[in-house]
Amino acid sequence: MLSQLNATFTKANLYGEEVLLSKAANDHIGVVPTSGNGKPDIIPLSRLHLAFKRGQLTFPFDVPKELPEAANQTPAQRLAQDMMMQYVHRMMQQEHKSSRRIAQSVINEVSREYEDTHPPSVSTLLRAVKRFTEYGNVAHLARKRPQRFDDAAEDLFTEIIADVYLKIGGASVAEAWIEYKKTAQKRFKGKVKYFSRSTFYKKVKQLHRLIVIEAREGVKAARQEARTVQHSLLTSKILQRVEMDAVHINVGLKNEKGQIVTQVILYTLIDCYSRCILGHYLQEKKIHRVKGYKDESKASILQSLIHALSPKPSMSFVNGQFHWSMYGIGELNVMDASGKYCSHDISGFICAAGGDPQITEAGAGYRKPYIERFFGTLRTQCLSIIPGYVGKMKEAKYYDYPVEQHACLTVKQFDALISNYIVTRYHQQPHKGLGMKTPQQVWDESLHNSTAILKVHDIDRLLRKNIKPIPRTLQGHQGIQINNVFYNSDALKDLFDFMKDTGNGNNPEVECVYTALENHHIWVKHPYTGELIVARPKDSPFEDETFDAEDQIEGSKHEFGFNHPLIAAKRAERDEHFEALAENKRNNPLNTEAIKSQTNMFQTQSKTDSAPTIGSISDNLEIGLNQAVTRFDDDEEFEGGELYGK
């Protein structure tokens, strides 16, 4: 159509009316009726494009097939109405036609598709949908003007509500309205217009529900009400909303160093529309007989994000029958304010990948219902049948043996079983929230029917772009020292020689890009050219925590379940170990004679209201210890309250 607008004034036919079109500034077109009846208008080019596609703007004068219903409308009004109909038709295709969030999503999509520079507001679109539903057109969308009242009526409403309604055991809305009416008639004496009954009720409904509940029922009731979800989280496509969180799991595992891991952290991301898991990462938290523990870290969160952003061609199960085909970054990424999720590095990485982070309040799991629900399903369907899992802390005390005695799987095998469960079980079972479809079906259908394209990201570029450079001193040909590790390369040595000759004789200072996620190399920024120089550790103490494909999908030839060969073998190994412990306990019973005599002595002394002497206590303790030492070896443990040998 733009080729027709080369002349200053181009003749055209717009809705059966002869007009002259002329280019204006900022993608606008001037429309001048040749009849002289109407006024010239400046119309966005996108609306003329739409009229041209529908045959209502023609060159030369061909009468369009469809004439407008309202003959008294100007061309500008008709163009605006046609553009509005595009929004209305798209909104009518949605399931929830009165949702403001869906309306905002439709406005964003249609304005982007038709390049509309003047999209309607959410309220205007909802009124247009309502009128189209009732009358079949969107003409004459009159704006409803609110009723005006005097400030005295507003002040009296605030006064009555505060004194009568907003208090413990306060009056009802009807009683508050009667009090308001009596006071208004007495105070204003017909000189000031006060609220009607319907307006008064409407004003009360506009009060914040938590403020009303706290004033009328107390803080505890308001806190409980705040945890109640008042509306569903509506999504219309995949990757529109992604929730991420971490769950701490009490499980006995063995790591590569032969240590017993008693607690791990699983970081997970879920797509709310399809309920598909985009990625996860497993981190060791607590090791038996090692002081301290590793809490949630930014490096592990970034690792889970990288797993969610990256394609997973090697993650296939049951001889290629099931594949982990889900990946990508969400438009809205929801996380809580606890741990390291709220750090600037995580938010910056998400923004660099093209997403928008949203941080909810800490301890409010109901703000992320999809990921919390998945963790509950994971515990009941997956972890409960994996040998070594002992449940939550309050459940672990009911087991006969402490968690370290349950260790039979390795960390890699545990991670592989979780991946197997996600791909072969969770993604393939019907979901009530998806209309009894599987997450895999919803993902495939959405990807096939929409224009969404799964983008493959350059992870190294995202990391370099997100991490803030840190200053470090270039220490000769030894390189740069970070965390007691020297990083160096030939290019870095050349940089040192160059800066040493041009400097003042001291070791030069440079900027480095370093992250604990990729501690096997750093990037050094050239101070003159801006080039990033890669330097690797001279004697690296780091161990590569990434899994090989064959290790990560161990047991992939079988579907996850109670009779999975790996689970069955490890369960038998654990039961055999427990039988050996029980047999050892039976052969070496606990000698309680010294403990009983000590208890009887304290009970006797307490009846006579006299404390036992230090000599009597030491003698009894020495006898009891000598008897107990003969029962145990030096290597036997007293863990979890179990006073028997292994």
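Just so it is clear, the model here is predicted, and its values are computed rather than measured. (Residues numbered from 1 in each chain as written. Predicted model: local features only at pLDDT ≥ 70, side-chain atom pairs only at ≥ 80, totals over all residues. Heavy atoms only, no water.)

A. Representation of the overall build of the protein. Looking only at helices and strands, the protein features 21 helices and 19 strands. Per-residue burial over the protein gives 43% buried out of 646 residues. In the protein, of all internal contacts separated by at least 6 residues, the share reaching a separation of at least 24 is 63%. (Helix = DSSP H or I, 4+ residues; strand = E, 2+ residues; numbered from the N terminus. Buried < 20%, exposed > 50% of the residue type's maximum accessible area, 1.4 Å probe, protein only. Contact = heavy atoms within 4.5 Å.)

B. Layout of the environment of I301. Note that I301 resides in helix α10 (residues 298–309). Under the relative-accessibility criterion, I301 is labelled buried at 0%. Considered as a pair, I301 and L282 are 19 residues apart in the sequence and their alpha carbons are 9.8 Å apart. Setting aside residues up to four positions removed in sequence, I301 forms contacts with Y267, K340, Y341 and I346.

C. A look at the packing of helix α8 (residues 209–217) against helix α9 (residues 219–226). Following both chains from N to C, one finds α8 and α9 inclined at 150°, their axes separated by 7 Å at the closest point. Classified by the angle their axes make, α8 and α9 are roughly antiparallel. Relative to α9, α8 is oriented so that their crossing is right-handed. Contacts between α8 and α9 pair R209, L210, I213, E214 and E217 from the former with V219, A221, A222, E225 and A226 from the latter. Residue composition of the contact of α8 with α9, by class: six nonpolar, no polar and four charged. (Axes fitted to C-alpha atoms, helices over the stretch in contact; angles between N-to-C directions. Parallel < 35°, antiparallel > 145°, perpendicular 65-115°, else oblique. Left-handed = near helix turned anticlockwise from the far one by under 90°. Nonpolar A, V, L, I, M, F, W, Y, C, P; charged D, E, K, R; others polar.)

D. Focus on helix α14 (residues 411–424). Across its 14 residues, α14 extends 20 Å between first and last C-alpha, which sits within 8% of the 20 Å expected from 1.5 Å per residue. Of all 14 residues in α14, 13 are buried; the element is thus mostly enclosed. (Expected span 1.5 Å × (residues − 1).)

E. Representation of the pattern of salt bridges. A complete count under the given rule lists 15 salt bridges for this structure. Between K203 and E154 there is a salt bridge, and its shortest N-O distance comes to 3.6 Å. On the criterion of sequence distance, the pair formed by K203 in helix α7 (residues 197–205) and E154 in helix α5 (residues 151–165) is long-range, its members being 49 residues apart. A salt bridge links R187 to E159; the shortest N-O distance between them is 3.4 Å. Linking R187 in helix α6 (residues 173–188) with E159 in helix α5, this pair joins segments that are 28 residues apart in sequence. Looking at R187, the relative accessible area reads 45%, which means it is partly exposed. Given a relative accessible area of 32%, E159 falls into the partly exposed group. One connected set of salt bridges, linked through shared partners, spans D245, D336, K368 and E372. (Salt bridge = Lys/Arg side-chain N within 4 Å of Asp/Glu carboxyl O.)

F. Just a negative patch on the surface, in detail. Taken together, D490, D494, D497 and D501 make up a surface patch of like negative charges. Take D497: it is sitting in helix α17 (residues 490–502). You can call D497 partly exposed: its relative accessible area is 33%. (Patch = residues over 30% accessible without salt bridge, like charges linked within 9 Å, V, L, I, M, F, W, Y side chains within 5 Å. Areas by Shrake-Rupley, 256 points an atom, 1.4 Å probe, with all protein chains shown as cover. Lys, Arg positive; Asp, Glu negative; His and termini not counted. Charge placed at Lys NZ, Arg CZ, Asp CG, Glu CD.)

G. Here's a closer look at α5. With 15 residues, α5 should cover 21 Å at 1.5 Å per step; its first-to-last C-alpha distance of 20 Å lies within 8% of that length. Listing the buried residues of α5 in full gives A153, L156, F157, I160, I161, V164 and Y165. Each buried residue of α5 sits inside an arc of 130° when the element is viewed along its axis, so together they form one side. Pointing more than 90 degrees away from the buried face of α5 are the exposed residues D151, D155 and T158. Close packing links the buried residues of α5 with α6, α7 and α8. (Arc of directions from axis to C-beta.)

H. Region of interest: the side chain of N420. Mapped onto the elements, N420 comes out in helix α14. A distance of 3.0 Å separates the side chain of N420 from the backbone oxygen of H558, its partner in a polar contact. Once residues lying within four places of it in the same chain are set aside, the contact partners of N420 are F317, R425, G555, S556, H558, E559, F560 and H564. (Polar contact = N/O pair within 3.5 Å; in protein donor to acceptor, adjacent residues only side chain to side chain.)

I. A look at the sheet that holds strand β18 (residues 522–525). As summarised here, the arrangement of the six strands in space is β14-β17-β18-β19-β16-β15, forming an open sheet in which the pairing is antiparallel. Of all strands in the sheet, those bounded by a partner on one side alone are β14 (470–473) and β15 (480–482). Going from strand to strand, the sheet's axes swing by 40° on average, the running direction of each strand aside. Looking at chain direction, β14 and strand β17 (residues 509–513) are connected through four bridges and run antiparallel. Bridge pairing in β17 links R472 to V510. (Pairing = 2+ DSSP bridges.)

J. Here's a closer look at the pairing of strand β12 (residues 356–360). Direction of pairing for strand β11 (residues 332–336) relative to β12: parallel, over a ladder of five bridges. When the bridges of β12 are listed, V334 appears paired with Q358. Taken together, β11, helix α11 (residues 344–352) and β12 constitute a β-α-β crossover, and its handedness is right-handed. (Right-handed = clockwise from strand over helix to strand, strands pointing away.)

K. Here's a closer look at the confidence of the model for the protein. For the protein, the mean per-residue pLDDT works out to 79, and 77% of the residues sit at or above 70. Of all the helices and strands in the protein, helix α18 (residues 549–552) carries the lowest mean pLDDT, 40, while strand β7 (residues 260–271) carries the highest, 94. In the model, residues 61–71 has pLDDT below 50 throughout and makes 17 contacts with residues more than four positions away in sequence or in other chains. Confidence drops under a pLDDT of 50 for residues 628–646, and excluding neighbours within four residues, the segment shows 30 contacts in the predicted structure. (pLDDT = per-residue confidence, 0-100.)

L. Up close: the side chain of T268. Checked against the element boundaries, T268 lands in strand β7. Look at T268 and you get buried, because its relative accessible area is 1%. Once residues lying within four places of it in the same chain are set aside, the contact partners of T268 are E243, M244, D245, I277, G279, H280, I371, F374 and F375.

M. Focus on the sheet that holds strand β3 (residues 28–33). Taken together, five strands build an open sheet; the order of strands is β4-β3-β2-β1-β5 and the sheet is antiparallel. Of all strands in the sheet, those bounded by a partner on one side alone are β4 (41–44) and β5 (57–58). Judged from the five bridges that link them, strand β2 (residues 17–23) and β3 form a sheet pairing that is antiparallel. For V19, the partnering residue across the bridge sits in β3 and is P33.

N. Representation of the packing of aromatic side chains within the structure. Per the counting criterion, the structure on display carries twelve aromatic pairs. Look at F374 and Y426: their rings are 5.0 Å apart centre to centre, the planes differ by 70°, and that puts the pair in the edge-to-face class. With F374 in helix α12 (residues 369–382) and Y426 in the loop between α14 and α15 (439–449), this pair connects stretches of sequence that are 52 residues apart. Comparing F374 with Y426 shows no difference in burial state: the two are buried. A network of ring pairs unites the aromatic residues F149, F157, W177, Y180, Y194, F195 and F200 as a single cluster. Of note, K285 hangs over the ring of Y293, and the distance from its end group to the ring centre comes to 5.2 Å. Above the plane of the ring of W324 lies K312, whose end atom (NZ or CZ) is 5.3 Å from the centre. (Phe/Tyr/Trp six-rings, centres within 6.5 Å; stacked < 30°, edge-to-face > 60°. Lys NZ or Arg CZ within 6 Å of the ring centre and 35° of its normal.)

O. Local environment of the nonpolar core. Core analysis: the largest hydrophobic core is formed by 69 residues, its most contacted members being I249, L305, F374 and F414. When residues of this core are traced back to their parent elements, those giving at least two are β6 (241–254), β7, β8 (277–287), α10, α11, α12, α14 and α19 (565–587). Beyond its immediate chain neighbours, meaning those up to four positions away, I249 contacts T262, Q263, V264, L266, L383, Y389 and F414. The next biggest cluster of nonpolar side chains, apart from the first, holds 19 residues, and it includes A153, W177, Y180 and F200. (Core = buried A, V, L, I, M, F, W, Y, C linked by side-chain atoms within 4.5 Å.)

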